[in-house]
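Observations on the three-dimensional arrangement
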Amino acid sequence: MNIGVVVFPGSNCDHDCEHVFKDVLGQDVTMVWHRETSLAGLDAVILPGGFSYGDYLRTGAIARFSPVMQAVKQFAAGGGLVLGICNGFQILLEAGLLPGAMLRNKSLHFICRETYVKVENAATPFTSVCKSGQVLKIPIAHADGNYYTDPVTLAGLQANAQVIFRYCTADGKVTPEACPNGSLDNIAGIRNAEGNVLGMMPHPERCAETMLGTEDGRAIFQSMIVSSERKKLAGVR
Amino acid sequence: MKAKIHVTLKQGILDPQGKAIEHALDSLGFKNAANVRVGKYMELDLQQTDKSKAEIEVKQMCEKLLANTIIEEYRYELS
Amino acid sequence: MKAKIHVTLKQGILDPQGKAIEHALDSLGFKNAANVRVGKYMELDLQQTDKSKAEIEVKQMCEKLLANTIIEEYRYELS
Amino acid sequence: MQTGMPLITKDLIAQHNLTGEEYQKIIDILGREPNLTELGMFSVMWSEHCSYKSSRVHLKKLPTTGPRVVQGPGENAGAVDIGDGLCVVFKMESHNHPSFIEPYQGAATGVGGILRDIFTMGARPIALLDSLRFGELHSPKNRHLMKGVVSGIAGYGNCMGVPTVGGEIVFNDIYALNPLVNVFCLGLAHQDKIFRGTAAGVGNPVIYFGSKTGRDGIHGATMASDSFDDQSEQKRPTVQVGDPFTEKLLLEACLELMERDLLVGIQDMGAAGLTSSSCEMASRAGNGIELDLTVVPRREPGMTPYEIMLSESQERMLMVAKAGKEDECIAICRKWDLDVAVVGKVTADGILRVLDQGKIVAEIPAKALADDGPRYERPFQPPAYQDMLTNLNYDAIQDVKDANVALLTLLESPTIASKRWVYEQYDHMVRTNTVVRPGSDAAVVRIKGTKKAVAMTVDCNSRYCLLNPYEGARLAVAEAARNLVCSGAVPIGLTDCLNFGNPERPDIMWQFAMAIEGMKDACEHFQIPIVSGNVSFYNETNGLSIYPTPMLGMVGLIDDAERSMTQWFQQEGDDIILLGSSREDLGGSEYLKAVHAREQGSPPYLNLDVEKALHDCLLSLIRGELLQSAHDCSEGGIAVALAESCISGPERTLGAVVRLTRGRFRKDAVLFGESQSRVVISAKPVHRQAILGHAKRFSVPAEVIGSVSGDRLIVAVGDEGSVERMIDQSVGVLLERWGFSLERALNQV
Ligand SMILES: Nc1ncnc2c1ncn2[C@@H]1O[C@H](COP(=O)(O)OP(=O)(O)O)[C@@H](O)[C@H]1O
Ligand SMILES: [Mg+2]
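An account of the accompanying structure is given in this report. (Residues numbered from 1 in each chain as written. Chains lettered and ligands numbered in written order. Predicted model: local features only at pLDDT ≥ 70, side-chain atom pairs only at ≥ 80, totals over all residues. Heavy atoms only, no water.)

With that settled, the discussion passes to the sheet that holds strand β8 (residues 263-268) of chain D. Backbone hydrogen bonds hold the strands of a sheet together, and the pairing may be parallel or antiparallel. Residues and elements named next belong to chain D. With mixed pairing, the seven strands of this open sheet are ordered in space as β8-β10-β7-β11-β9-β12-β13. Looking at which strands have only one partner, the edges of the open sheet turn out to be β8 and β13 (359-365). Direction aside, neighbouring strands of the sheet carry axes that sit 20° apart on average. By the bridge criterion, four bridges tie strand β9 (residues 288-292) to strand β11 (residues 339-347) in an arrangement that is antiparallel. (Pairing = 2+ DSSP bridges. Helix = DSSP H or I, 4+ residues; strand = E, 2+ residues; numbered from the N terminus. Axes fitted to C-alpha atoms, helices over the stretch in contact; angles between N-to-C directions.)

This is how it looks when you write it as structure tokens:
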């Protein structure tokens, strides 16, 4: 699988994503500079975490205008897999590829810690190797992860099973206390209506090796690999 | 021409920063303050002498970049 | 009584946000915009009907909490 | 020479913190009177902060060499070999004064400065640690300072994508008007690709890049060399605002420039900005530099040469490129959206010559500015009160009655309490290398592409240093090394940040001189070279000095990252073993302060041979995979060490049942005394004999003192026949008191 990792000025989890795909999972990785306008040849694209443009003004607000975002939109429209992690999620929201917006964490602080998230929908290209209801331990690191959307959109997200991850307790209970940032409905990750664009605040790339705590984050990347292989097989036939 | 732009959270959207400030004011003894809301204020110079053209430009800037209209509203003055 | 408070960076102090926004506006094609400065805007309700007392209170709030007077300056209106 | 400049008056000289003799020396060097720009340049370069005029004679004594040393002091940072063609580049810096004036920006720009020191050397920064000192948290001002500093460090470090993996914080009212903000940074570089700040090659272009120059921070260096008084508020316009986004671009641009064969030398513009970077690079190469200020990118109109040469605007760099490579350098800077300009060239005459609009505005021998500053052998002598501090009548202090209460008091005291509130605001996982996160004795960061990891810690018990600066410094070295060894690392190098009061006072100079001696002796004994450092004098306000605080940042190497060790108990039923022996060491302890409100006595006894044997023994136990956990005894003694081993694990808590022998000692000394060279380890019972055998071979006392068990911490003290259960507390309560104490203290109204 050939994964593109977009590098915005201020991205800082780009190398981490590259490391997981290349060194841990043995895939091909292409680093995509934000000024590029084509994503031809890639099987999936990752918008990594970090502070694109310093997160000045609003998180993701300036990055969404990078030339590469036009290409990302086309790529997504053509059914390509797009994963936005943390700042990447924020950029997808600002770009309108996913619905909603991010507010400041309820505590107003940056928070870096382990969280548990429940896989609400395992029938997606990003979660296919998980079981529905499975609890993953994945760390967060952000100051603006307090997801918000209007009630109508929220109802739509729920009705279409677009909420993919919710913050929960270690044993899978979705409680207000388990939500680290005040996010609406404990939302930690959502997908678009078509199902090929996922945004999530937790950082799966930070927990894909036992030495770093857990391997839970691998599930997401492995699902992407499985999905892309299936697609290729289907294409050959 | 100078543009002065205010971007604030829409009514009804929780403003954690405003809440925190209200709390802090309270603990500093300012018991009279309530409904604190925090927003952004931006100033910029426009090389544009035609007011109606300037207006269009500033509106576009706000819609496109300066405000996120899902959660924020904006207003501006030109002078 | 309602207080509207503007907090802005003092002249000469670097405004990284303003700089980044200016750059972004430029690359979006808004070539006319210059000298972007970003500040804070706050609104609050005061349970105080005496304007001159309100004035004193708001000034104190700004000095003590709302503005960082080392790098910022503030102004306010009461209505 | 420029006309219309003010005459150099006595007042002007004094305002620049230059003495009459120093001014005379300037005249001798120039052969004439300086103009204002030149006076400014001399004043910043000859300030204490830049010239080390009071400390140099002492710093020379420190051991700085060793087989692993790739770069010792004198460059932007030190570098130590870790094998595989790699080296770690590290340094620590203070930003105390700016952080007192504006805590968020002061701390943020402190992080920015130390990061630049690391990446100018060609190293990618991979870890930050912060060492903080504040007054006690009952004062709103201190809470404000702490919140501001922590969010400033978070704001800058997080944005840069460099994990802040550890640190330490101590609260003491002596720091109320003079908080300390020391930041340590470590980077990774290829040994053959280390860059230095040198302006070699006459004719080579000198290129400015980064942010534009503004009027900020003018006189920052002289400010850092001055005491505070009630007038300091007036100096406020010198506050600088950090721009971590630009710094991130600067970092990536630098590393890209260095990957190609474009540069001769490079240096960041830190204190004293364009002046220091240009004259230091020229001086190191024995050359001169000619600068044209006309083309220097500026943020504000109307800046004078004086202001441009002295500005301390952040996020700026100066590089000397290979001739003909200008365009490539400029292209890379533009790619990263940085301001860039060729501002001068390297000359052969050794002169730093500054032009503005075609006129020469300054002309000074570079070496005179950079290296020939004044040097003082300041008089030193112990203060009259020293004996009062150490003479403590222990008979007047009642032995502990309720050890449960004393333990909770200690666990809850902010100095000992969990620092989770702080490190959760720091991204400590970015770059996916953090094998041991904050919360254990040392942070461990793996080196991708190898099996190795580096461990890092920052340590200094400044109360020990107050009571006996020589012993205090030795103890700091020992504790830092012990913390590394507890994580499974061999100490390989050290950096320091020496925070002291006013060096013109003989008692302060005595503290300084003694601390240097102590560091020297301990480092020589352990063979740990000091490869970089920083001195921060004048940490006094209205005549009151801080405790002498020679902060140490120590780095260790772990050959196999899989074998790094943590401090918390792992499993029910494991043996708990104490390595090392206890004495009656109550002097200067946290217990005396927290429970008896005394900061007196002699600091604990330290024997360097005993300490070294402990390190060797512990390392061999960890390498032999015999241990489950290892935690050193420091503040709060063995009782606190045991409690922390029970409750500091990120996953869960475990209880312990322990018996300590008492001998002829006071009970409080047994529980809370801070005897050195002790480590609490836990291990599976099957390894008990092997461990005890090991310890014997290394001549390290070892005793099984209990086992990991249940959900209470139970500690009995006594000898056969007279055993008293002194601590019996549920781990839940311990965790509650220790874990949330900082939040409680900070959120109080
Ligand atoms: N300012 C800080 N920033 C980040 N981590 C910190 C800070 N202060 C303390 N810590 C972390 O908390 C833990 C306990 O610190 P400390 O009590 O100083 O350890 P020790 O006594 O072993 O040196 C360590 O892992 C340390 O890195
Ligand atoms: Mg320790």
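Back to the text.
Attention now goes to the nonpolar core. Counting 165 residues, the largest nonpolar core has Leu83(A), Phe165(A), Phe221(A), Val89(D), Met146(D) and Phe209(D) as its most contacted members. Broken down by element, this core gets its largest block of residues, nine residues, from helix α10 (residues 244-259) of chain D. Once you skip the residues sitting within four places of it in the chain, Phe221(A) turns out to touch Val20(A), Phe21(A), Leu25(A), Ile46(A), Leu83(A), Ile85(A), Pro204(A) and Glu205(A). Judged by nonpolar contacts, the second largest core, of 48 residues, contains Leu39(D), Met45(D), Trp46(D) and Val296(D). (Core = buried A, V, L, I, M, F, W, Y, C linked by side-chain atoms within 4.5 Å. Buried < 20%, exposed > 50% of the residue type's maximum accessible area, 1.4 Å probe, protein only. Contact = heavy atoms within 4.5 Å.)

For a metal bound by four donors in tetrahedral geometry, the ideal donor-metal-donor angle is 109.5 degrees, whereas six donors in octahedral geometry ideally sit at 90 or 180 degrees. Residues and elements named next belong to chain D. Protein-derived coordination of the magnesium ion (ligand 2) comes from Asp441 (OD), Asn483 (OD1) and Asp632 (OD), at a distance range of 2.1 to 2.2 Å. Read from N- to C-terminus, the donor residues coordinating the magnesium ion (ligand 2) fall into the pattern D-x41-N-x148-D. With Asn483 in helix α19 (residues 469-486) and Asp632 in strand β23 (residues 629-632), this residue pair connects regions lying 149 residues apart in the sequence. What makes Asn483 buried here is its relative accessible area of 4%. By relative accessible area, which is 1% here, Asp632 ends up buried. (Donors = N, O, S within 2.8 Å, 3.2 Å for Na, K, Ca; no water.)

Right, let's get into the side chain of Ser311(D). Residues and elements named next belong to chain D. Among the structural elements, Ser311 can be located in the loop between α12 (305-310) and β10 (316-321). Reaching out from Ser311, the side chain makes a polar contact with the backbone oxygen of Gly214 at a distance of 2.8 Å. Other than its neighbours up to four places away in sequence, Ser311 contacts Thr213, Gly214, Asp216, Ile218, Gly273, Leu274 and Arg316. (Polar contact = N/O pair within 3.5 Å; in protein donor to acceptor, adjacent residues only side chain to side chain.)

A few words now on the side chain of Ser313(D). Take Ser313(D): it is sitting in the loop between α12 and β10. Classification of Ser313(D) as buried rests on a relative accessible area of 1%.

On to the packing of helix α16 (residues 403-412) of chain D against helix α23 (residues 637-647) of chain D, then. The packing of two helices is summarised by the inter-axis angle and the distance between the axes. Residue and element names in this part refer to chain D. One can describe the packing of α16 onto α23 by two numbers: an axis separation of 10 Å at closest approach and a directional angle of 70°. Considering their axes alone, α16 and α23 lie roughly perpendicular with respect to each other. With respect to the hand of their crossing, α16 and α23 are arranged in right-handed fashion. Of α23, the residues touching α16 (which contributes Leu407, Leu410 and Leu411) are Ala639, Val640 and Ala643. Among the residues making up the contact of α16 with α23, the classes are represented as six nonpolar, no polar and no charged. (Parallel < 35°, antiparallel > 145°, perpendicular 65-115°, else oblique. Left-handed = near helix turned anticlockwise from the far one by under 90°. Nonpolar A, V, L, I, M, F, W, Y, C, P; charged D, E, K, R; others polar.)

Moving on to the interface of chain B and chain C. Between chain B and chain C, the contact holds 32 residues from the first and 32 residues from the second. Taken as a group, Phe30(B), Asn32(B) and Tyr41(B) account for 23% of the area that chain B buries against chain C, more than any other trio of residues on that side. At the junction of chain B with chain C, the criterion picks out zero salt bridges. Those elements giving two or more residues to the side of chain B that touches chain C turn out to be β1 (2-9), α1 (16-27), β2 (33-46) and α2 (51-66) of chain B. Here the side of chain B that touches chain C gets 14 residues from one element, more than from any other, and that element is β2(B). Residue composition of the side of chain B that touches chain C, grouped by class: 16 nonpolar, eight polar and eight charged. (Buried area = accessible area lost by both parts, 1.4 Å probe. Salt bridge = Lys/Arg side-chain N within 4 Å of Asp/Glu carboxyl O.)

Another point: the relation of the copies chain B and chain C. Of the two same-sequence chains, chain B is brought onto chain C (RMSD 0.2 Å, axial shift 0.1 Å) by a rotation of 179°. This pairing of chains is accounted for by a two-fold axis. Minimal C-alpha distance to the rotation axis in chain B is attained by Lys40(B), lying at 2.3 Å. Of the residues that chain B buries at the interface, 100% are likewise interface residues in chain C, meaning the two copies contact each other through the same surface. (Least-squares fit on C-alpha atoms with pLDDT ≥ 70 in both.)

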